[in-house]
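Examination of the molecular architecture
Letter by letter, the chains look like this.
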Amino acid sequence: MLPRRRIAAELVRSCRIALCAAAPLALLAAVPLSARADAKSAMPASAGTLKMVHSAHSPEVFTPATLENHIDGEAQAVKEYSFRQCVYTEYSPTGAGNQLLTVDIFEMGSPQDAYGYYSHQRSPDAPTVKIGAEGYQESTSLNFWKGPYYVRIAITATNPAPFRPQMPVIARAIAAKLTGSTAPPAILGLLPPGYKPHTEQFQRSNIAGQAFISNGVTARYPAVGPQAELFVAIYASPAAAKAAFGRYQAYLSQPTTLAMGTKSAPLKGVGDMAIGAKTRFAGQVVAAVKGKYLAGIRKANNAGAAQTLLKSALARAH
């Protein structure tokens, strides 16, 4: 049997080894991910004619728990795209005052999520700019995405004219420092050719106005109708997709959904199961399920053209 003093020494030595082994893990947990530091360090101290407005909290960081303090009415929509943090700061010609250009860098869970929120905010008719992966500029704002980041630049000054040429200057400075892919999300490959440019979106939820249709892409197809929209949603399994189709089928078959004097009808030769209906508010609708994919077209003018487009979309779903 070992002497008590030696037993105590061995116990101390064992504890030290355990602490040394655990220390790197504790440090890893305490140190933010490099991607999280990326957004804050991407804010330039100055760019063009503007300087960062410095304060005790500049740049300011908002988390999922505090985002409502920054953008109360918008916070929930942002959080749907796996939001992690928002870095916010302000710029002015002197680095002080209240005539400002503001910058938000939203970090999402993935490039697909960053693109998703960007595409949700994008105006189809706004001029696009080649900044980051893609951006668009309007009178008092410039937005772009790159990797897991969605960047929003806005002029809040009473006279926006001097600030307008500075928006792309600051945007390019930020984009150059942010890391991440500039390739379009692979999920956009589910959309057949023919959609109106810049109407394509990735949506996390509430596709076609239905809470149970989620995780999919949408786009407008003018050849099928001026406002015709195609969606393709991906589910975890064929069973989940079939269940969602059943719910959508039930919704399309309700008297309150259908146009006066019409009924929904099953369609043959489109996916595993399909339905067509003329509705009160969404015009001609066709929907189908194939494997783990649920697809549909709303606001179509012609049922035959809509079915052809739907078949084309389902052919890409595999």
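This section reports on the structure supplied with the text. Quantities reported herein were computed from a predicted structural model and do not represent experimental measurements.

Cut-offs applied
- Residues numbered from 1 in each chain as written.
- Predicted model: local features only at pLDDT ≥ 70, side-chain atom pairs only at ≥ 80, totals over all residues.
- Heavy atoms only, no water.
- Helix = DSSP H or I, 4+ residues; strand = E, 2+ residues; numbered from the N terminus.
- Buried < 20%, exposed > 50% of the residue type's maximum accessible area, 1.4 Å probe, protein only.
- Contact = heavy atoms within 4.5 Å.
- Polar contact = N/O pair within 3.5 Å; in protein donor to acceptor, adjacent residues only side chain to side chain.
- Core = buried A, V, L, I, M, F, W, Y, C linked by side-chain atoms within 4.5 Å.
- Pairing = 2+ DSSP bridges.
- 1 Å grid on protein atoms, 1.4 Å probe; cavity = no way out; pocket = protein on both sides within 12 Å on 5 of 7 lines; lining within 4 Å.
- Points joined across faces, edges and corners; volume = space filled by probe spheres on them.
- Nonpolar A, V, L, I, M, F, W, Y, C, P; charged D, E, K, R; others polar.

Some remarks on the overall build of the chain
Along the backbone of the chain there are 7 helices and 16 strands. Within the chain, the fraction of its 318 residues that count as buried is 44%. Within the chain, counting contacts between residues at least 6 apart in sequence, those at least 24 apart form 58% of the total.

A short note on the environment of valine 232
As for its placement among the helices and strands, valine 232 is situated in strand β12 (residues 229-234). Taking the C-alpha atoms as reference points, valine 232 and alanine 313, 81 residues apart in sequence, are found 7.6 Å from one another. If sequence neighbours within four positions are ignored, valine 232 has contacts with Leu190, Gly216, Val217, Tyr293, Leu294, Ala295 and Ala313.

Topic: the side chain of threonine 199
The residue threonine 199 is located in the loop between α5 (166-177) and β10 (201-203) in this model. A polar side-chain atom of threonine 199 sits 2.7 Å from the main-chain carbonyl oxygen of lysine 196. One polar contact links the side chain of threonine 199 to the main-chain amide nitrogen of arginine 220, over a distance of 3.2 Å. Apart from the residues lying within four places of it in its own chain, the contact partners of threonine 199 are Arg122, Pro124, Thr218, Ala219 and Arg220.

Regarding the nonpolar core
With 46 residues, the main nonpolar core has Leu67, Phe106, Ile297 and Leu310 as its most contacted residues. Those elements giving two or more residues to this core turn out to be α3 (75-79), β4 (85-92), α4 (111-121), β11 (216-220), β12, β15 (284-290), β16 (293-300) and α7 (303-315). Of all the elements, α7 adds the most residues to this core, at 5 residues. In contact with isoleucine 297, other than residues within four places in its own chain, are Val224, Glu229, Leu230, Gln284, Val285, Val286, Ala306, Leu309 and Leu310.

Notes on the pairing of strand β8 (residues 141-146)
Taking burial as the measure, the 6 residues of β8 include 6 buried ones, the bulk of the element. Residue alternation in β8 divides its side chains into two sets, Ser141, Asn143 and Trp145 and Leu142, Phe144 and Lys146, and both sets are buried. Relative to β8, strand β7 (residues 134-138) runs antiparallel, the two sharing 5 bridges. Residue pairing for β8: glutamine 137 is matched across the bridge by leucine 142.

Some points on the environment of tyrosine 136
Counting through the fold element by element, tyrosine 136 comes out in strand β7. By relative accessible area, tyrosine 136 is classed as buried at 3%. Along the primary structure tyrosine 136 and aspartate 125 are separated by 11 residues, whereas in three dimensions their C-alpha atoms are 9.4 Å apart. What tyrosine 136 contacts, discounting residues up to four positions off in sequence, is Tyr118, Gln121, Arg122, Ser123, Ala126, Pro127, Thr128, Val129, Ser141, Leu142 and Asn143.

Description of the sheet that holds β12
Across the sheet, which stays open at both edges, the 7 strands sit in the order β10-β11-β12-β16-β15-β14-β13 with antiparallel pairing between neighbours. Single-partner strands in this sheet number two, and they are β10 and β13 (265-266). In this sheet, β16 lies alongside β12 in antiparallel orientation, the contact comprising 6 bridges. From the neighbouring strand, alanine 233 faces β16, where its bridge partner is leucine 294.

Regarding the layout of surface pockets
Put simply, the largest pocket is a space of about 280 Å³. Those elements that provide at least two residues to the lining of the largest pocket are β10, β11 and β16. Tallying contributions element by element places β11 first for the lining of the largest pocket, with 3 residues. Looking at side-chain class alone, the lining of the largest pocket contains 4 nonpolar, 8 polar and 5 charged residues. A volume near 150 Å³ is recorded for the second largest pocket. Considering the residues around the second largest pocket, the lining is formed by 14 residues, among which Tyr251, Thr257, Phe281, Ala282 and Arg298 are closest to the centre.

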